[in-house]
Each structure stands twice: as C-alpha cells, then as structure tokens.
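Each chain, letter by letter, is given below.
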Amino acid sequence: MQQNNTEKGSVATPFVPFLARSLERPRLPYSSSPVRAAAVEAAVPGRTRIGLVDSSRLTRECLASALVAQGADFAVRSFVTAEDCIDAAGEGFDLLLCHAHEDGPAAKAVLADIAALREAFPGLPIVVLHDAAETPDTGFVRLLFQEGAQGFVPTRMVGIPLAVAAIRFVQAGGRFAPVDLLLDDRPPPPPASRRATIS
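Now for a description of the structure that goes with this document.

Rules used in this analysis
- Residues numbered from 1 in each chain as written.
- Predicted model: local features only at pLDDT ≥ 70, side-chain atom pairs only at ≥ 80, totals over all residues.
- Heavy atoms only, no water.
- Core = buried A, V, L, I, M, F, W, Y, C linked by side-chain atoms within 4.5 Å.
- Buried < 20%, exposed > 50% of the residue type's maximum accessible area, 1.4 Å probe, protein only.
- Helix = DSSP H or I, 4+ residues; strand = E, 2+ residues; numbered from the N terminus.
- Axes fitted to C-alpha atoms, helices over the stretch in contact; angles between N-to-C directions.
- Parallel < 35°, antiparallel > 145°, perpendicular 65-115°, else oblique.
- Contact = heavy atoms within 4.5 Å.
- Nonpolar A, V, L, I, M, F, W, Y, C, P; charged D, E, K, R; others polar.
- Expected span 1.5 Å × (residues − 1).
- Arc of directions from axis to C-beta.
- Salt bridge = Lys/Arg side-chain N within 4 Å of Asp/Glu carboxyl O.
- Pairing = 2+ DSSP bridges.
- Polar contact = N/O pair within 3.5 Å; in protein donor to acceptor, adjacent residues only side chain to side chain.

## Things to note about the nonpolar core
Residues Cys-85, Phe-93, Leu-96, Ile-114, Phe-121 and Leu-144 are the most contacted members of the largest nonpolar core, which totals 27 residues. Of all elements in the fold, only helix H3 (82–87), strand S4 (95–100), helix H4 (109–120), strand S5 (126–130) and helix H5 (138–147) reach the threshold of two or more residues within this core. Of all hydrophobic cores here, the second largest spans 19 residues; its members include Ala-64, Val-127, Leu-129 and Val-164.

## Remarks on the packing of helix H2 (residues 57–70) against helix H6 (residues 160–171)
Contact geometry of H2 with H6 gives a least axis separation of 10 Å together with a crossing angle of 75°. By the angle class used here, H2 and H6 are roughly perpendicular. Between H2 and H6, the contacting residues are Leu-63, Ala-66, Leu-67 and Gln-70 on the first element and Ile-160, Pro-161, Val-164 and Ile-167 on the second. Here the contact of H2 with H6 is built from residues that sort into seven nonpolar, one polar and no charged.

## Observations concerning H4
One turn of an α-helix holds 3.6 residues; hence residues three or four places apart share an orientation. The end-to-end C-alpha distance of H4, which contains twelve residues, comes to 17 Å, matching closely the 16 Å that a straight helix rising 1.5 Å per residue would cover. Among all positions in H4, only Val-110, Leu-111, Ile-114, Leu-117 and Arg-118 are buried. Along H4, the residues classed as buried sweep out an arc of 130° about the axis, all on the same side. Those residues of H4 that are exposed and angled more than 90 degrees off the buried face are Ala-112 and Glu-119. Buried positions along H4 lie against H3, S4, S5 and H5.

## Notes on H2
Spanning 14 residues, H2 covers 20 Å between terminal C-alpha atoms, matching the ideal 20 Å at 1.5 Å per step. Taken as a whole, H2 has its buried residues at Arg-60, Leu-63, Ala-64 and Leu-67. Considered in projection along H2, the buried side chains sweep an arc of 100° and stay on one side of the axis. Turned more than 90 degrees from where H2 packs its buried face, Leu-58, Ser-65 and Ala-69 sit exposed. Check the buried side of H2 and you find it contacts strand S2 (48–54), strand S3 (74–79), S4, S5 and H6.

## Some thoughts on the pattern of salt bridges
Under the counting rule described, the total for this entry stands at four salt bridges. Among the salt bridges present, the one from Asp-94 reaches Arg-49, with a minimum N-O distance of 2.8 Å. Of this pair, Asp-94 sits in the loop between H3 and S4 while Arg-49 sits in strand S2, placing them 45 residues apart in sequence.

## Structural notes on the pairing of S5
Burial analysis of S5 places five of its five residues in the buried class, the great majority of the element. Here S5 shows no split at all, with Ile-126, Val-128 and His-130 on one side and Val-127 and Leu-129 on the other all buried. As paired strands, S5 and strand S6 (residues 151–154) are joined by four bridges and run parallel to one another. Across the sheet, His-130 pairs through a bridge with Pro-154, a residue of S6.

## Looking at the pairing of S4
Extensive coverage of S4 is indicated by the burial of six of its six residues. Here S4 shows no split at all, with Leu-95, Leu-97 and His-99 on one side and Leu-96, Cys-98 and Ala-100 on the other all buried. In terms of strand pairing, S2 meets S4 through five bridges, oriented parallel. Within the sheet, the bridge partner assigned to Ile-50 lies in S4 and is Leu-95.

## Observations concerning the side chain of Gln-150
Examined against the element boundaries, Gln-150 turns out to sit in the loop between H5 and S6. Gln-150 gets classed as buried once you look at its relative accessible area, which sits at 6%. Reaching out from Gln-150, the side chain makes a polar contact with the backbone oxygen of Gly-148 at a distance of 2.9 Å.

See the structure below:
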C-alpha cells in the first residue's frame, strides 16, 4: 500500500495564495437587529468565531474538536445544514466552513449552500472543505469561488495544520487553493503542428 507523504512528516501538496488581498478586510454588519448586535458584543474578545456546516455528525464533531485543539483562539459552532447556520447569524461569526462530502456531479449541491451563505453573510469569508478525489476538478473549484468561497481545502490531501493555515490566511483577506489547481489551470500548450511552425 502506498504510504501517504504526510505520514512521513512532509506535505505532498503545499498551500499557496490563490489570490492575495489586503490584510485589512472590512467587516460588514449582518443585520441591524438589536438581538444580533447584542450577540456580537457578548462574544469573547480575541476569539475567531467559526460556523461549521457539516451534514455528518462524526466529522462535524471531530473537525470542531481538532480545530479548537490546533487553533487555541478558535471558537467553533457546528451546524447540520447551511439553513441552520443562517438561523444562528446573531452569534456574529468571523468565518464559515462548509464541508462537502460528495464528489462528482453530486458535489454541485454545495454551490447552492455557498450562495445561500454568501447572501446571508455578505462580506464574511467562506472556506470549503471538500472530500474530493486526489485531483479536484478545476472548473468546479472555479465555480465555488465564483459563488463566494475564498478557500478550497481538499480533505484527502490536507491535514489539520494546513487547514488551520488556510483558515487563518482566508480570514486575513487572502484566497487559498492547492498549488496543483493553479498549475492545472495553465493554458494548454499549442498543438505539435503549431510548435513546429513556430520553431
């Protein structure tokens, strides 16, 4: 059986900025509701409040525990659906995580979740955790970013430390995707006939 590079202490696919932005992200208010404003003021200062959407109870609980253990300044509240997360908007989240377990055509459902979260939380960073194949579809990842995601973390390729690094970078105003996706998005080389003409 092939041994995963991460088990040897090295990382197979490093994370690089997808698109660097200003480190000062403007915080847009979710609502002028007094209840929501009170919830934001009551939050513990200095903690990054993360809303985690994950339909699987096991991974939902494991992710929440692992993220808090790895990032001591994280406070994670988990939800089964995007609608549940939207209903709890008054808690004043700083960042949202959306975990998609489906692959292929079935994964397109996460696009609707991202669109709904983006509408409910304008300006709030969203990171997608995706149980994609080893080579994620570049076009699908592009759609996620178009719908409003700022980060794409393939869970089969990335462990908790890199996921936390991605979360922190997105929260700071950047965008994240694996370097392989950036390389795969390069324009194809010209056909052999054109290369012969050029040379």
